[in-house]
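Architecture and fold: a report
Each chain is listed here by its residues.
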Amino acid sequence: MEAAAKRIATQRDITAEIARIAAGYRGAETQPRLDYPPYRSSALRHPESPLVWADPEEIERWAPCFGDRDVEPHDADLTAGHRGEPLGERIIVTGSVLDAAGRPVAGQLVEIWQANASGRYRHRRDQHRAPIDPNFTGVGRCLTGPDGSYRFLTIKPGRYPWRNHHNAWRPAHIHFSVFGTAFTQRLVTQMYFPGDPLLGFDPIFQSIPDPAARNRLIAGYDHDLTQPEYATGYRWDIVLGATWTETDG
């Protein structure tokens, strides 16, 4: 009982510390903090020097090249392409990529990657003591349609430990990447699931001071999207701060 009480007290201290530091930030509170002490590795990764100008054309010579022919329809089905069915809850994730004015952004490459149902990535650096699913690689991609829509069929990811602090666990999440007209315009974010009790303990999620902005990272359950006896549905729109053409030049 004493050990359990200490663990609860420690979790409360972590949550209180996250809230205290977040409350001290002002300004662009809808954006995640680049240097956020509760997220320990951000101290090593955030930029400290002025940006360096680079010739976009020179960068593009060394960057990947994507096109319509490179993306196939089955790339958006993370449950297919293996000898058997992946383990876990099958889910449909869909939404639209929109600009700041609510207009659809068509033809954009959307990529996702995630852990399997046990909370493990198919990656050699992930040594979490959870099983690897041989029928699930956890990566997919698609191009947005004329209405800006995207759609993935996948497995709901599991939570996993990440050693950022005592008893640290990441909430279930899916990583999203959106490309513009050039590789240097790539945007990366994460989508979370409603009702996850770990959101309050996660410094990555809590690094955005504005609660309303944080909640926009949480997908909504969509019962109309849910397919009977097959998959539950979630809807999540991605709203860009500006259209790609508005940032050109």
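A brief report on the enclosed structure follows. (Residues numbered from 1 in each chain as written. Predicted model: local features only at pLDDT ≥ 70, side-chain atom pairs only at ≥ 80, totals over all residues. Heavy atoms only, no water.)

1. Quick look at the pattern of salt bridges
Tallied over the full model, the rule gives six salt bridges. In this structure, the salt-bridge partner of Asp202 is Arg170, at a minimum N-O distance of 2.9 Å. With a gap of 32 residues between them, Asp202 in the loop between strand S8 (187-192) and helix H4 (203-206) and Arg170 in strand S6 (residues 169-170) connect regions that are remote in the sequence. Arg170 gets classed as buried once you look at its relative accessible area, which sits at 3%. (Salt bridge = Lys/Arg side-chain N within 4 Å of Asp/Glu carboxyl O. Helix = DSSP H or I, 4+ residues; strand = E, 2+ residues; numbered from the N terminus. Buried < 20%, exposed > 50% of the residue type's maximum accessible area, 1.4 Å probe, protein only.)

2. Quick word on the environment of Arg129
Tracing the backbone shows Arg129 in the loop between strand S2 (109-113) and strand S3 (139-143). The sequence separation of Arg129 and Pro161 amounts to 32 residues, and the corresponding C-alpha distance is 9.6 Å.

3. Let's talk about the nonpolar core
Core analysis: the largest hydrophobic core is formed by 33 residues, its most contacted members being Tyr150, Phe152 and Phe176. Going through the elements one at a time, strand S1 (90-98), S2, strand S4 (149-155), strand S7 (173-178), S8 and H4 are the ones with two or more residues in this core. Sequence-distant contacts of Tyr150, that is, excluding residues within four places in its chain, are made with Val93, Thr94, Gly95, Ser96, Val97, Cys142, Thr144, Phe176, Trp236 and Ile238. (Core = buried A, V, L, I, M, F, W, Y, C linked by side-chain atoms within 4.5 Å. Contact = heavy atoms within 4.5 Å.)

4. As for the sheet that holds S3
Sheet strands associate in pairs through backbone hydrogen bonding, adopting either a parallel or an antiparallel arrangement. Taken in spatial order, the four strands make up an open sheet running S3-S2-S7-S8, and their pairing is antiparallel. Here the strands that pair on one side only, and so sit at the sheet edges, are S3 and S8. The sheet shows a mean angle of 20° between the axes of neighbouring strands, direction not considered. Bridge analysis of S2 against S3 gives five bridges, and the strand direction is antiparallel. Residue pairing across strands places Trp113 opposite Val139, the latter belonging to S3. (Pairing = 2+ DSSP bridges. Axes fitted to C-alpha atoms, helices over the stretch in contact; angles between N-to-C directions.)

5. Comments concerning the packing of aromatic side chains
Under the defined criterion, the tally for this structure stands at eight aromatic pairs. Where Tyr150 meets Phe176, the ring centres are 5.6 Å apart and the plane angle is 70°; that geometry is what we call edge-to-face. Residue Tyr150 is found in strand S4, and its partner Phe176 is found in strand S7; the two are separated by 26 residues along the sequence. Here Phe152 and Phe176 contribute two aromatic rings whose centre-to-centre distance is 6.4 Å and whose plane-to-plane angle is 80°, an arrangement assigned as edge-to-face. Of this pair, Phe152 sits in strand S4 while Phe176 is found in strand S7, placing the two residues 24 residues apart along the sequence. For the residue pair Phe152 and Phe176, the accessibility class agrees, reading buried in each case. Arg90 extends its terminal NZ or CZ atom over the ring of Tyr230, reaching a point 4.4 Å from the ring centre. Directly above the ring of Trp162 sits Arg170, whose terminal nitrogen or CZ lies 5.7 Å from the centroid. (Phe/Tyr/Trp six-rings, centres within 6.5 Å; stacked < 30°, edge-to-face > 60°. Lys NZ or Arg CZ within 6 Å of the ring centre and 35° of its normal.)

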